[in-house]
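# Close look at the chain arrangement
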Amino acid sequence: MPSLNNAYIRVDFDFTNGISLTRILDAVTGRDYLPAPSPLFKFAINNGKAFTSDKGFSVELDQKPGISAFTAVAHSIEQKMCFHSLQTC
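Below is a short write-up of the structure.

Across 7 bridges, the pairing between strand S7 (residues 57-63) and strand S8 (residues 69-76) is antiparallel. Pairing of Val59 across the sheet is with Ala74, part of S8. In textbook terms, the turn of a hairpin is the stretch between consecutive antiparallel strands, and for S7 and S8 this stretch comprises 5 residues, one of which, Gly66, has a positive phi near 85°.

This is the structure we're talking about:
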């Protein structure tokens, strides 16, 4: 499971069926701010039906060992669209 972290925060992701946040942790206090997995984003095309990032995407992930960064490319299965994201901490 990919994560981004530094001395202050840790953010975990799940790319199994799309893009989900699974944890937001304050590394200093140990407080977990996310009680349950959550979609990273929600979108609609031309004000149509809303979709969430945690369902209906196939995700290509590029994460280099030893650094807190990754690139994710998510392809929508139902819609003809793609999201590119570079995450770094």
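So, next bit.
The next thing to look at is the environment of Asp32. Here Asp32 shows up in the loop between strand S3 (20-26) and strand S4 (38-39). Note: C-alpha distance between Asp32 and Met1 (31 residues apart in sequence) is 17 Å. Non-local contacts of Asp32, meaning those with residues more than four positions away in its chain, are made with Arg23, Ile24 and Leu25. Only 3.3 Å separates the side chain of Asp32 from the backbone nitrogen of Leu34, close enough to count as a polar contact.

Time to look at the nonpolar core. Membership of the largest hydrophobic core comes to 13 residues, with the highest contact counts inside it found for Phe13, Phe15, Leu21 and Phe70. Those elements giving two or more residues to this core turn out to be strand S2 (9-14) and S8. Top contributing element to this core by residue count: S8, with 3 residues. What Phe13 contacts, discounting residues up to four positions off in sequence, is Met1, Pro2, Leu4, Ser20, Leu21, Thr22, Leu40 and Phe70.

Criteria and thresholds
Counting restarts for each chain: residues are numbered from 1 in the order of the written sequence. Residues qualify for local features only when their pLDDT is at least 70, as the model is predicted, and side-chain atom pairs are given and counted only at 80 or more; totals for whole chains, interfaces and linings, by contrast, use all residues. Side-chain figures throughout are based on the complete set of non-hydrogen atoms in the structure, without hydrogens or water. The pairing criterion is simple: DSSP has to find at least two bridges between the two strands. The way it works is that DSSP assigns letters per residue, a run of H or I at least four long becomes a helix, a run of E at least two long becomes a strand, and they are numbered from the N terminus. Contacts between residues were defined by any pair of non-hydrogen atoms, one from each residue, lying within 4.5 Å. What qualifies as a polar contact is a pair of N or O atoms within 3.5 Å, subject to a donor-acceptor requirement within protein and to the restriction that residues adjacent in sequence count only when both atoms come from side chains. Buried Ala, Val, Leu, Ile, Met, Phe, Trp, Tyr and Cys residues form a nonpolar core when they are joined through side-chain atoms within 4.5 Å. Exposed residues in this analysis have more than 50% of their type's maximum accessible area, buried residues have under 20%, and partly exposed residues fall in between, with area computed by a 1.4 Å probe over protein chains only.

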